[in-house]
Amino acid sequence: MTNEELIRKYVSVEKQVDALKKLEEGYPVQYIIGNVDFNGVNIEVNEDVLIPRFETELLVDKLKKYIDKVFSDKRITIMDLCTGSGAIAIYLKKNCNAVVYGCDISEKALDVAKRNALNNKVLVNYTEHDVLNSIDGKYDVIVSNPPYVGFDEEVDELTKYEPQKAIFADDNGLLFYKKILTYIGNNLNDKYIIAFEIGCKQGDALKKLALEKFPAAKITIEKDLNSKDRYMFIISE
């Protein structure tokens with residue numbers, strides 16, 4: 001379905017002319033229609049949250065397969081750090097036998113995430129928290145798609161409409177990973193999975209850091225559909 005067809009489907013007739021004008025000016029169609037399909041899950045989006053992308057769909061696909069392999073059908077606990085719209089947390093709640101938590105520093109993003117959980121008829125436990133500081137609790141799975149773009153990197157022009165704090169990070173985009181990997185060992189059960197979406201040039205640096213923090217774990221860097229490094233999985237041996 002084209003962007004114009006999406007607008008005609010989701011936008012009321014009296015608002016379609018303005019919507020099509022915004023589209024011509026480069027405004028994201030997902031914000032115009034107010035939702036996006038995320039692996040079969042309908043997710044509300046607005047300028048308070050990032051627009052979920054296909055790379056993150058593949059992240060949860062891969063993570064679901066690892067969860068099935070490591071935990072079988074055991075009931076587990078999952079924490080989604082930097083949850084944003086809640087897409088990751090809600091998908092995992094709908095597709096895994098799990099108690100799911102999510103946190104974000106943005107109160108407005110959490111409002112969207114809570115509406116998405118309600119609209120999808122699932123229970124996700126959301127809290128407001130800055131993940132640069134340690135978290136509470138113990139989990140079997142911790143997943144995050146944090147800000148990972150360096151401030152000097154080129155990005156798609158359309159991302160200017162999205163919350164910039166959810167895109168860019170200090171230390172060449174590595175800040176959130178370094179902080180999370182420093183404390184996350186205190187929040188894991190004996191058997192665990194850590195899953196990150198990462199920048200395509202960050203794999204080597206992050207694998208080295210992960211090996212320092214989790215020397216006994218299996219650590220892999222995996223590629224997206226464009227054959228670019230995009231994911232890091234840390235799994236207990």
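Residues numbered from 1 in each chain as written. Predicted model: local features only at pLDDT ≥ 70, side-chain atom pairs only at ≥ 80, totals over all residues. Heavy atoms only, no water.

Undergrad: Kindly report on the overall build of the chain, identifying the contributing residues and their values.
TA: Secondary structure summary: the chain contains 8 helices and 9 strands in total. Radius of gyration (C-alpha) of the chain: 18 Å, near the 18 Å computed for a compact globule of 237 residues. Reported as C-alpha extents along the three principal axes, the dimensions of the chain are approximately 60 × 40 × 30 Å. Considering only residue pairs separated by 6 or more positions, the chain has 62% of its internal contacts joining residues 24 or more positions apart. Carbon together with sulfur atoms contributes 48% to the accessible area of the chain, which is approximately 12,100 Å² in total. (Helix = DSSP H or I, 4+ residues; strand = E, 2+ residues; numbered from the N terminus. Rg over C-alpha atoms; globule rule 2.2 N^0.38 Å. Contact = heavy atoms within 4.5 Å. Areas by Shrake-Rupley, 256 points an atom, 1.4 Å probe, with all protein chains shown as cover.)

Undergrad: I'd love a proper account of the environment of I51, names of residues and values included.
TA: Turning to its location among the elements, I51 is positioned in the loop between β2 (41–44) and α4 (54–71). Each C-alpha atom, one on I51 and one on G84, is 9.3 Å from the other, the two residues being 33 residues apart in sequence. Once you skip the residues sitting within four places of it in the chain, I51 turns out to touch P28, Q30, Y31 and E162.

Undergrad: Give a description of the pattern of salt bridges that names residues and reports values.
TA: In this structure the tally under the stated criterion is 8 salt bridges. Here D229 and K223 are joined by a salt bridge, their closest N and O atoms 2.8 Å apart. K223 gets classed as partly exposed once you look at its relative accessible area, which sits at 45%. (Salt bridge = Lys/Arg side-chain N within 4 Å of Asp/Glu carboxyl O. Buried < 20%, exposed > 50% of the residue type's maximum accessible area, 1.4 Å probe, protein only.)

Undergrad: Residue-level account of the side chain of Q202, with values.
TA: Mapped onto the elements of the fold, Q202 is located in the loop between β7 (188–197) and α8 (203–213). For Q202, a relative accessible area of 7% corresponds to the buried category. From its side chain, Q202 meets the backbone oxygen of G173 in a polar contact 3.5 Å long. Setting aside residues no more than four positions away along its own chain, Q202 makes contact with Y148, N172, G173, L174 and Y177. (Polar contact = N/O pair within 3.5 Å; in protein donor to acceptor, adjacent residues only side chain to side chain.)

Undergrad: Tell me about the packing of aromatic side chains, and name the residues and values.
TA: Going through the model one piece at a time under the given rule, you end up with 8 aromatic pairs. With a centroid separation of 6.4 Å and 90° between ring planes, the pair formed by F38 and Y91 is classed as edge-to-face. Here Y91 lies in helix α5 (residues 87–95) and F38 lies in strand β1 (residues 35–38), a separation of 53 residues in the sequence. Classification of F38 by relative accessible area gives buried; the value is 0%. Of the residues examined, Y91 reaches a relative accessible area of 9% and is grouped as buried. (Phe/Tyr/Trp six-rings, centres within 6.5 Å; stacked < 30°, edge-to-face > 60°.)

Undergrad: Talk me through the state of the cysteines; I want residue IDs and the actual numbers.
TA: All chains considered together, the criterion is met by 0 disulfides. Left without a disulfide partner, C103 is nearest to the cysteine sulfur of C82, which lies 6.8 Å away. You can call C103 buried: its relative accessible area is 1%. C200 takes part in no disulfide bond, and the closest cysteine sulfur, belonging to C82, lies 19 Å away. (Disulfide = S-S within 2.5 Å.)

Undergrad: Before we move on, can you summarise the pairing of strand β6 (residues 139–144) with the specific residues and values?
TA: The element β6 is extensively covered by neighbouring structure, given that 6 of its 6 residues are classed as buried. Sheet analysis places strand β3 (residues 76–81) next to β6, joined by 4 bridges and oriented parallel. Of the residues in β6, the one forming a bridge with I78 is V141. Bridge analysis of β6 against β7 gives 5 bridges, and the strand direction is parallel. From the neighbouring strand, S144 faces β7, where its bridge partner is F196. (Pairing = 2+ DSSP bridges.)

Undergrad: Please give an account of unusual backbone geometry that cites residues and values.
TA: Positive phi outside glycine occurs at N39, with the angle close to 50°. Within the secondary structure, N39 is located in the loop between β1 and β2. Take N39: its relative accessible area is 24%, and that puts it in the partly exposed class. A positive phi angle, near 60°, is found at C82, a position not held by glycine. By the element assignment, C82 lies in the loop between β3 and α5. The exposure class of C82 is buried, given its relative accessible area of 18%.

Undergrad: Lay out the nonpolar core in plain terms, naming residues and giving numbers.
TA: Counting 50 residues, the largest nonpolar core has L63, I67, I78 and L92 as its most contacted members. For this core, the leading source of residues is α4, giving 7 residues. Those residues in contact with I78, other than ones at most four positions away along the chain, are I67, L92, A98, V99, V100, Y101, Y139, V141 and V143. Core analysis: the second largest hydrophobic core is formed by 33 residues, C82, C103, I167 and L174 among them. (Core = buried A, V, L, I, M, F, W, Y, C linked by side-chain atoms within 4.5 Å.)

Function-wise, these values are silent; they only describe arrangement.
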